[in-house]
Amino acid sequence: LAAWTENSIQYTFNEYAFRSDPFFGEGILFLGCSFTFGIGMIWENTWAYLVAKKLGLKCWNLGIGGASNDMAFRYASYWIPKLKPRYVCYMPTLANRLEIITPDKIERYLPSYEFYSSEDKKFYDKWLSMEENGKLNKEKNIRGIKSICDENAIPIIVEELDSVGFSSKARDMVHPGKDWNNTISNKILSKIS
């Protein structure tokens, strides 16, 4: 196993608990999962930061590890009208992730979670049994976020998670590394221009 030699990683959060610049000024808003958050990456090497820096805008990164497309829609519907970003960049997450709001909490369903109740497992297994459920849910959320952007006259760039393979890995050895983040940032910037 090779030793990690680059800068150590320090995760810092803004006043709303996002790995993001503070929510003031003029910014670009990012939605997605851990790939957008930048798990295992120093802040300055994340694709969101690279795009924002190149455009001279604040980086409003709303990416959350393990996020679903439902969560991205929920954040978009709340934050886009409030922040009025110059652009929105959305990297849809895996289609098999789901979010359900109950009276007590917001429940997140991910295939890797093993601590669901038997009733929850029964529901989620049934939902997962047809791949079409995830595809439809993902598409509804993409269209919903685009609609919010249209209502607020904000351009949106949607970049699929699997649009670029990754050869280098982040410090956690699971998420993509610096090369992938550079490639994605360049793809986003070319779509903006």
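Look above for the structure.
In this text, all values refer to a predicted model and were calculated from it rather than measured experimentally.

Let's talk about the packing of aromatic side chains
Enumeration according to the criterion identifies 16 aromatic pairs in this entry. Between Tyr 16 and Trp 79, the ring centres sit 5.0 Å apart and the planes meet at 70°, which makes this aromatic pair edge-to-face. Pair noted here: Tyr 16 is in the segment before strand S1 (27–31) and Trp 79 is in helix H3 (residues 69–83), with a separation of 63 residues, a long-range link. Summarising the aromatic geometry, the rings of Phe 18 and Phe 23 are spaced 6.0 Å apart at their centres and angled 40° between planes, so their arrangement reads as tilted.

Considerations on unusual backbone geometry
Most peptide bonds take the trans configuration, and most residues that are not glycine carry a negative phi. One non-glycine residue, Lys 84, adopts positive backbone phi at about 50°. Mapped onto the elements of the fold, Lys 84 is located in the loop between H3 and strand S3 (87–90). Residue Lys 84 is classed as partly exposed on the basis of its relative accessible area, which comes to 48%. Notably, Ala 153 is not glycine yet its phi reads approximately 55°, a positive angle. The residue Ala 153 is located in the loop between helix H5 (131–151) and strand S6 (156–158) in this model.

So, the packing of H3 against H5
Packed helices, taken two at a time, are described by their axes: the angle between them and the distance between them. Running from N to C, H3 and H5 point in directions that differ by 10°, and their axes come no closer than 9 Å. When the axis of H3 is compared with that of H5, the two are roughly parallel. When H3 is examined against H5, the residues Asn 69, Asp 70, Ala 72, Phe 73, Ala 76, Ser 77, Ile 80 and Pro 81 are found in contact with a partner set consisting of Asn 137, Lys 138, Asn 141, Gly 144, Ile 145, Ile 148 and Cys 149. Among the residues making up the contact of H3 with H5, the classes are represented as 8 nonpolar, 5 polar and 2 charged.

Rules and cut-offs
- Residues numbered from 1 in each chain as written.
- Predicted model: local features only at pLDDT ≥ 70, side-chain atom pairs only at ≥ 80, totals over all residues.
- Heavy atoms only, no water.
- Phe/Tyr/Trp six-rings, centres within 6.5 Å; stacked < 30°, edge-to-face > 60°.
- Helix = DSSP H or I, 4+ residues; strand = E, 2+ residues; numbered from the N terminus.
- Buried < 20%, exposed > 50% of the residue type's maximum accessible area, 1.4 Å probe, protein only.
- Axes fitted to C-alpha atoms, helices over the stretch in contact; angles between N-to-C directions.
- Parallel < 35°, antiparallel > 145°, perpendicular 65-115°, else oblique.
- Contact = heavy atoms within 4.5 Å.
- Nonpolar A, V, L, I, M, F, W, Y, C, P; charged D, E, K, R; others polar.

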